[in-house]
Amino acid sequence: MKKLFITLGAISIMGIVPLLVTATPQSDLQAFRTFYFKKFPGIKFQDYANGIYALDKNRRIELQASEEFPPYDDAVAIGKKLFNKYGLKSCFKRGGIGIKQNYPYFDKKTGKVRTLEKDIMTCLKEKGINTKKEKLKYKKGKFAAISAYMAYTSRGNKINVVIPNDPRALADYEAGKRFFYAKRGQLNFSCANCHVDNVDKMIRGNLLGPALGQTSHWPAWRKKWAKKAAKKHGGNSGPLDGLGTLQRRYGGCNKQVRAKPLKAQSTAYNNLEYFHTYMSNGIKLNGPAVRQ
Amino acid sequence: MRKTVKLVIATSTVALLLGSMALVPKVASADEATLVTQGKKIAENRKEGNCFACHSYKGAYLPGNVGPPLVNIKTRFPDEAKLRAQIWDATKANPNTMMPPFGRHEILSNKEIDAVTAWVYTL
């Protein structure tokens, strides 16, 4: 078999986006969640923060067990130390504490969507930190630990993404929405194929979780990532091993369909995160969380 | 890239025609049996067909359930060419299908699809 990565340019958008001419972010959001509410009348709105664990009781019990000694605790502590060491609080509203629910946001000045990770990186650069030397890179490690600490201080706050009535913001939102519904990769799946159309089904051993609530708990601690990192360190696990940002996960889901993953914090992923997080408005943040 | 895809489409249509013509006087032969064995192998390879990621069938190991169980295939597809077409490009019948377009996206070669089709036809 030829394992070819089909470039994102070669995706097909075949009448799958609910192309209501009158669709607004508000009407999209209503339709998006009504689908799940109808399908899963037994699941409460806030439970969507728990992904597949909201769907499957046995997995939930397993998850609760791993939360008794949270594997991400050390990572949050390290993140806090780094946050203070680099003096990041001066770059953020409220000193950076309890603010993650407002991300991503549309920045009127630059006309771009800003994620929390983007703002952290900008702040580090403004402070003159040599991010290369300090090994601060998007997606994992020490950088993700800072993001995890900021997420931790925001636990319980309800996601509150704003799409201002600005044509540029609406265009970014639309681009994110198209990304979500477009088929891509050699295997030709859209995000919606797996997380909307076939939610609660099994693709081999994997239960497909709902897209609603998917953005509530990042960075997450994934057992899979922890295992992979430990293997690299000759079997020894470190405190930051399992940690990864939402966009690290996007990359993984793109790879699964044999599509070329995009760079973390690329415009396309930021727009996707904008749409994707907006859909979960009102859900309480619960990051970092453990995932399989 | 686009050129190769077109080429593949063209050649496979030919192959499809030839294939279905060749099938008219259908006799089970030793070759047929090898083809079925090969097809099963390709279908069950995670990096090739990986069909049971989505379909259950008799003897499938831990199958998924995104697609319908593969049963009574001969009744469902009296015309084997139609079955092959479904495997070659499932989006023809349903543009939003989850089933990957194995031929159109060159996940499997035409020969591999022939083998997989022969195997599925036994289910």
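Above this text sits the structure in question.
Since we're looking at a predicted model, the values are computed, not measured.

A.B. asks: Residues and numbers for the state of the cysteines, please.
C.D. replies: Joining two cysteines, a disulfide is a covalent bond between their sulfur atoms. All names here are of chain A. A full pass over the atoms with the stated rule returns one disulfide over all chains. Disulfide pairing places C91 opposite C123 at an S-S distance of 2.0 Å. Looking along the S-S bond of the C91-C123 disulfide, the torsion reads about 75 degrees, which is the right-handed sense. Highlighted residues: C91 in the loop between α4 (73–85) and β1 (105–107) and C123 in helix α5 (residues 116–126), separated in sequence by 32 residues.

A.B. asks: Please set out a positive patch on the surface residue by residue, giving values where relevant.
C.D. replies: All names here are of chain A. A contiguous patch of positive charge on the surface is contributed by K125, K132, K135, K137, K139, K140, K224, K228, K232 and K255. Examining the composition of the positive patch, we find that three residues originate from one element, helix α9 (residues 223–232), more than from any other. Mapped onto the fold, K132 is located in the loop between α5 and α6 (141–152). Looking at K132, the relative accessible area reads 76%, which means it is exposed.

A.B. asks: Which residues make up the packing of helix α4 (residues 80–88) of chain B against helix α5 (residues 110–120) of chain B, and what are the values?
C.D. replies: All names here are of chain B. Close contact between α4 and α5 brings their axes to 10 Å; oriented N to C, the two are set at 125 degrees. What the angle tells us is that α4 and α5 run oblique. As α4 runs across α5, the sense of the crossing is right-handed. Residues E80, L83, R84, I87 and W88 of α4 pack against N110, I113, D114, V116, T117, A118 and V120 of α5.

A.B. asks: Give a detailed account of the environment of G67 of chain B, specifying residues and quantitative values.
C.D. replies: With respect to the helices, strands and loops of the structure, G67 of chain B is situated in the loop between α2 (30–44) and α3 (73–76). Apart from residues no more than four positions distant in its own chain, G67 of chain B is found in contact with C54 and H55 of chain B.

Here is what the cut-offs are and how they apply
Residues numbered from 1 in each chain as written. Chains lettered and ligands numbered in written order. Predicted model: local features only at pLDDT ≥ 70, side-chain atom pairs only at ≥ 80, totals over all residues. Heavy atoms only, no water. Disulfide = S-S within 2.5 Å. Helix = DSSP H or I, 4+ residues; strand = E, 2+ residues; numbered from the N terminus. Patch = residues over 30% accessible without salt bridge, like charges linked within 9 Å, V, L, I, M, F, W, Y side chains within 5 Å. Areas by Shrake-Rupley, 256 points an atom, 1.4 Å probe, with all protein chains shown as cover. Salt bridge = Lys/Arg side-chain N within 4 Å of Asp/Glu carboxyl O. Lys, Arg positive; Asp, Glu negative; His and termini not counted. Charge placed at Lys NZ, Arg CZ, Asp CG, Glu CD. Buried < 20%, exposed > 50% of the residue type's maximum accessible area, 1.4 Å probe, protein only. Axes fitted to C-alpha atoms, helices over the stretch in contact; angles between N-to-C directions. Parallel < 35°, antiparallel > 145°, perpendicular 65-115°, else oblique. Left-handed = near helix turned anticlockwise from the far one by under 90°. Contact = heavy atoms within 4.5 Å.

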